[in-house]
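Here is what each chain is made of, one letter per residue.
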Number of protein chains: 2
Amino acid sequence: MRVGERTFLYDRPPRVAAHASIVGPKESEGPLAAWFDEVSRDDLFGQKTWEMGESEMLRRCVARAMTDADVVPEDAQALFSGDLNDQIIATGFAARALGVPLVGLYGACSTFVEGLVLAAALVSGGYLQNALCAASSHFCTAERQFRFPLEMGTQRPPSAQWTATAAGCALLAAEEGPGLHVTAGTLGRIVDRKIKDANHMGAAMAPAVEATILAHLDDTGAAADDFDLIATGDLGWIGREILLRLLRERGRPLPPEKLVDCGASLFFQEQDTHAGGSGCGCVAAVSCGWLMKRMERGELKRVLLVGSGAMLSPTSTMQAETIPGIAYAARLEVQ
Amino acid sequence: MRVGERTFLYDRPPRVAAHASIVGPKESEGPLAAWFDEVSRDDLFGQKTWEMGESEMLRRCVARAMTDADVVPEDAQALFSGDLNDQIIATGFAARALGVPLVGLYGACSTFVEGLVLAAALVSGGYLQNALCAASSHFCTAERQFRFPLEMGTQRPPSAQWTATAAGCALLAAEEGPGLHVTAGTLGRIVDRKIKDANHMGAAMAPAVEATILAHLDDTGAAADDFDLIATGDLGWIGREILLRLLRERGRPLPPEKLVDCGASLFFQEQDTHAGGSGCGCVAAVSCGWLMKRMERGELKRVLLVGSGAMLSPTSTMQAETIPGIAYAARLEVQ
């Protein structure tokens, strides 16, 4: 069922039957390290290039979710996935190795939540019995593609975020009964407040996150208090402050303790990542590794997961275009 | 309902309430010119860069479909779209201008059909009352991104295809009754037969197209004879021959007169496009402009539209990777 401006209430909310997360070396030294299913000391993941390393990390993560749910690749009905590489090659090559039907997505860092929102509708609607939702990012592939060759050692401004080397995968299944379910989803809409600084993604994305949180609350008639946590991914420290200010100015303030940002949670301040983590894989790994496990432990009952993306490219930046932001939201509930 | 390996039969098949197509200067001199809703002599579409020109072409095409169906942007519930640009910027900026909730997709040249398959499931499942499915491509943006600067005038091998400057958009609506409907869809699966030549996309994609056509027929218990036409997009002339040969060798031959390829149909041989057209926008414009109009005129009753994509990037090519192919299929029927 569709309600309000752009929200789906799933008639038969799919169960998160399994979830998996893998992170790279730097992420394995952060405060959430113990929550991830696999930490790798090798950022090439045994491959010859960073791109194929990212793809292998994603493949391994998806395979792990399938194993945990006792689903063999032949029985996996669809993989909803994307990444930040041009033409989403990490996803394409992972899907080649896995052999699972692919729904290729691009929503920048919102991709994981975009996949959850879509896949849950197809599972709920009876079109899929199961669906894998995944995303990956890699510091080295993103840095050289979007910014500068790594060898240059370019100085980064304080507002810059650090693309996480990480992958996450949630396996949705058409199963009722107790457990963790995706119960509602809100589509994203582009919001562009004319930010041009590609080193200040938090500022570019915060207005889209604000719009999607408010759309979700208004569409479902909910209040922020109905959630144990609103988890954004990834605004970073500065973007999180901007979001709190935007909501306050709108007259819809959010208690700061209700809001966590996946990117701001992934690293210690001392790790020199400036405004915090980012990348498709950050929100995917942090939600699959940390948030979903805390929900299953009974620490959190209802979480609004908001994935945000900056829909720019190096070409649009060079052409002096502003940065369009987008955000999708998925409501996760323990039932 | 899901049947067989990877096919959806839509319980309430959405109606194609409107469709629109726009092409550029070279396409307006081809054999299908009279079928397109708009032909532009300006390949910048009034913008300063080719990328923003492509985005404007896509925006205009989507807006035209909405106007034709009497849907104002505030009532359009979702835009399923993608393009070949890094980070799908043509789509992102078009969605910014339109203000419609966006589902960003990447399936290379299969994107338009990927969108149809997904959107039809969400409309049929009651999650959307309407959905815009669109895609675009532009010769100048693709050529300089995937191959060489245009100014170099690089010689192209005979197997190369010509990226079409084109956009297409179909508006699906939750409407019963007579008219053109999307009645079934088949998800894509990666097939990689180790082709490495990025100037021979037809060869890289034909095996995926073969697999998806056979999956669709087997999943639905249909034969090629049940269709008036199987329309691929875009294998080009050479890829079309390879597909016919693969099906013959498999013992499932397809009568050549049943198979049209959108890319092979878009240009005259004399236009020097070598193996024919390609690009996300080619199959989108040719199906929205030519095939759907022929169906509405009663010339064709049932068409299997198969969109195929090559999931490579310049980076994967430089890293000597082979080219993974994918293909989605949508069954279009006049009821």
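Residues numbered from 1 in each chain as written. Chains lettered and ligands numbered in written order. Predicted model: local features only at pLDDT ≥ 70, side-chain atom pairs only at ≥ 80, totals over all residues. Heavy atoms only, no water.

Enquirer: Talk me through the overall build of chain A; I want residue IDs and the actual numbers.
Expert: A tally of helices and strands in chain A yields 9 helices and 15 strands. Whereas a compact globule of 335 residues would reach a radius of gyration of roughly 20 Å, chain A reaches 18 Å, a difference of no more than 12%. Along the first, second and third principal axes, the C-alpha set of chain A runs to 55 × 50 × 35 Å. Nonlocal contacts in chain A, meaning residues at least 24 apart in sequence, comprise 79% of its contacts between residues at least 6 apart. Accessible surface computed for chain A: about 10600 Å², of which carbon and sulfur atoms make up 50%. Charged side chains of chain A number 30 positive and 41 negative; the gap between the two group centres comes to 3 Å. (Helix = DSSP H or I, 4+ residues; strand = E, 2+ residues; numbered from the N terminus. Rg over C-alpha atoms; globule rule 2.2 N^0.38 Å. Contact = heavy atoms within 4.5 Å. Areas by Shrake-Rupley, 256 points an atom, 1.4 Å probe, with all protein chains shown as cover. Lys, Arg positive; Asp, Glu negative; His and termini not counted. Charge placed at Lys NZ, Arg CZ, Asp CG, Glu CD.)

Enquirer: Mind laying out the packing of helix H1 (residues 50-68) of chain A against helix H4 (residues 139-147) of chain A, listing which residues take part and the relevant values?
Expert: Between two packed helices, the angle of one axis relative to the other and the distance separating the axes together describe the packing. Residues and elements named next belong to chain A. Two elements in contact, H1 and H4, have axes separated by 8 Å at closest approach and are oriented at 135°. Our classification of the angle between H1 and H4 gives oblique. Relative to H4, the crossing made by H1 is left-handed. Packed against H1, whose contacting residues are Trp50, Glu51 and Glu54, the element H4 presents Cys140, Thr141 and Arg144 at the interface. (Axes fitted to C-alpha atoms, helices over the stretch in contact; angles between N-to-C directions. Parallel < 35°, antiparallel > 145°, perpendicular 65-115°, else oblique. Left-handed = near helix turned anticlockwise from the far one by under 90°.)

Enquirer: With reference to specific residues and values, describe the pairing of strand S9 (residues 166-173) of chain A.
Expert: Residues and elements named next belong to chain A. Most of S9 sits out of view: 8 of its 8 residues are buried. With burial as the criterion, each face of S9 is covered, one bearing Ala166, Gly168, Ala170 and Leu172 and the other bearing Ala167, Cys169, Leu171 and Ala173. Pairing between strand S3 (residues 15-23) and S9: 8 bridges, direction antiparallel. Following the sheet pairing, Val23 is matched in S9 by Ala166. As defined by bridge partners, strand S7 (residues 130-137) adjoins S9 across 8 bridges and the pair is classed as antiparallel. When the sheet's bridge partners are listed, Cys133 is paired in S9 with Ala170. (Buried < 20%, exposed > 50% of the residue type's maximum accessible area, 1.4 Å probe, protein only. Pairing = 2+ DSSP bridges.)

Enquirer: Describe in detail the relation of the copies chain A and chain B, supporting the description with residues and values.
Expert: Its rotation angle being 180°, the transformation that places chain A on chain B also includes 0.0 Å of axial translation and leaves an RMSD of 0.0 Å. Interpreted geometrically, this transformation is the action of a two-fold axis. Relative to the rotation axis, the C-alpha of Leu105 of chain A is the closest in chain A, positioned 2.1 Å from it. The residues that chain A uses at the interface reappear at the interface of chain B in 100% of cases, marking a shared surface. (Least-squares fit on C-alpha atoms with pLDDT ≥ 70 in both.)

Enquirer: How would you summarise the side chain of Ser316 of chain B if you had to cite specific residues and measurements?
Expert: Tracing the backbone shows Ser316 of chain B in helix H9 (residues 314-318). Assessed through its relative accessible area of 1%, Ser316 of chain B is described here as buried. Looking at Ser316 of chain B, its side chain comes within polar contact range of the main-chain nitrogen of Ser313 of chain B, at 2.9 Å. Not counting residues up to four positions away in its chain, the partners in contact with Ser316 of chain B are Ile89 and Phe93 of chain A together with Glu321 of chain B. (Polar contact = N/O pair within 3.5 Å; in protein donor to acceptor, adjacent residues only side chain to side chain.)

Enquirer: Describe the interface of chain A and chain B, with residues and values.
Expert: On the side of chain B, 61 residues touch chain A, which itself brings 61 residues to the contact. Roughly 4700 Å² is buried in total at the junction of chain A and chain B, and carbon and sulfur atoms are behind 61% of that figure. When the area that chain A buries against chain B is broken down by residue, the three leading residues are Gln87, Arg96 and Tyr127 of chain A, summing to 18%. At the junction of chain A with chain B, the criterion picks out 4 salt bridges. Between Glu321 of chain A and Arg96 of chain B there is a salt bridge; the shortest N-O distance is 3.3 Å. The interface formed by chain A and chain B includes 30 residue pairs in polar contact (both at pLDDT 80 or more). At the level of secondary structure, the elements contributing two or more residues to the side of chain A that touches chain B comprise strand S2 (7-9), H1, helix H2 (89-98), strand S6 (102-104), helix H3 (111-124), H4, helix H9 (314-318) and strand S15 (325-334) of chain A. Here the residues of the side of chain A that touches chain B sort into 32 nonpolar, 17 polar and 12 charged. (Buried area = accessible area lost by both parts, 1.4 Å probe. Salt bridge = Lys/Arg side-chain N within 4 Å of Asp/Glu carboxyl O. Nonpolar A, V, L, I, M, F, W, Y, C, P; charged D, E, K, R; others polar.)

Enquirer: Any chance you could break down helix H6 (residues 236-249) of chain B for me, citing the residues and the numbers?
Expert: All names here are of chain B. With 14 residues, H6 extends 20 Å between its outermost C-alpha atoms, agreeing within 8% with the 20 Å of an ideal straight helix rising 1.5 Å per residue. Residues Gly236, Gly239, Arg240, Ile242, Leu243, Leu244, Leu246 and Leu247 constitute the buried set of H6. Following H6 by one or two positions, Gly251 has its phi on the positive side, about 75°. (Expected span 1.5 Å × (residues − 1).)

Enquirer: Pulling in residues and values, what's your account of the environment of Gly24 of chain B?
Expert: Residues and elements named next belong to chain B. Within the element layout of this structure, Gly24 appears in the loop between strand S3 (15-23) and strand S4 (38-39). Judged by its relative accessible area of 0%, Gly24 is buried. Expressed as a C-alpha distance, the spacing of Gly24 and Asp70, which sit 46 residues apart in the sequence, is 26 Å. With residues up to four places along the chain from it excluded, the contact list for Gly24 reads Ser40, Phe45 and Thr165.

Enquirer: Could you give an account of unusual backbone geometry, naming the residues involved and the relevant values?
Expert: Glycine aside, a negative phi is what most residues show, and trans is what most peptide bonds show. All names here are of chain A. Here the residue pair Gly233 and Asp234 is connected by a cis peptide bond, since its omega of 0° sits within 30 degrees of zero. With respect to the secondary-structure elements, Asp234 resides in the loop between strand S11 (229-233) and helix H6 (236-249). A positive phi is found at Gln87, a non-glycine position, where the angle reads about 55°. Among the secondary structure elements, Gln87 is positioned in the loop between strand S5 (79-83) and H2.

Enquirer: A description of the pattern of salt bridges should follow, citing residues and the corresponding values.
Expert: Residue and element names in this part refer to chain A. Under the criterion given, the structure shown has 42 salt bridges over all chains. Here Asp37 ties to Lys293 by a salt bridge, and the two come within 2.8 Å at their closest N and O atoms. Of this pair, Asp37 sits in the loop between S3 and strand S4 (38-39) while Lys293 sits in helix H8 (residues 280-296); the two residues are 256 residues apart in sequence, bridging distant segments of the chain. The network of salt bridges with shared partners includes Glu38, Glu56, Arg59, Arg60 and Arg64.

Enquirer: Describe in detail the side chain of Thr212 of chain A, supporting the description with residues and values.
Expert: All names here are of chain A. Relative to the helices and strands, Thr212 is located in helix H5 (residues 201-220). Polar contacts involving the side chain of Thr212 include one to the side chain of Arg6, which spans 3.1 Å. What Thr212 contacts, discounting residues up to four positions off in sequence, is Arg6, Thr186, Leu187, Val306, Ala327, Tyr328 and Ala329.

Enquirer: With reference to specific residues and values, describe the nonpolar core.
Expert: By size, the foremost hydrophobic cluster in this structure holds 184 residues, and its most contacted members are Phe80, Phe112 and Leu132 of chain A together with Phe80, Phe112 and Leu132 of chain B. If we ignore the near neighbours within four places in the chain, the residues touching Phe112 of chain B are Cys133, Ala134, Ala135, Gly168, Ala170, Val283, Ala284, Ser287, Cys288, Met292 and Leu305 of chain B. (Core = buried A, V, L, I, M, F, W, Y, C linked by side-chain atoms within 4.5 Å.)

Enquirer: With reference to specific residues and values, describe the pairing of S7 of chain A.
Expert: The buried count for S7 of chain A comes to 8 of 8 residues, which makes it a mostly enclosed element. Here S7 of chain A shows two buried faces, one formed by Asn130, Leu132, Ala134 and Ser136 of chain A and the other by Ala131, Cys133, Ala135 and Ser137 of chain A.

Enquirer: Which residues make up helix H4 (residues 139-147) of chain B, and what are the values?
Expert: Along H4 of chain B, the positions that sit buried rather than exposed are Phe139, Cys140, Thr141, Ala142, Glu143 and Gln145 of chain B. Residues of H4 of chain B that are buried in the fold lie against helix H1 (50-68), strand S7 (130-137), strand S8 (162-163) and H9 of chain B.

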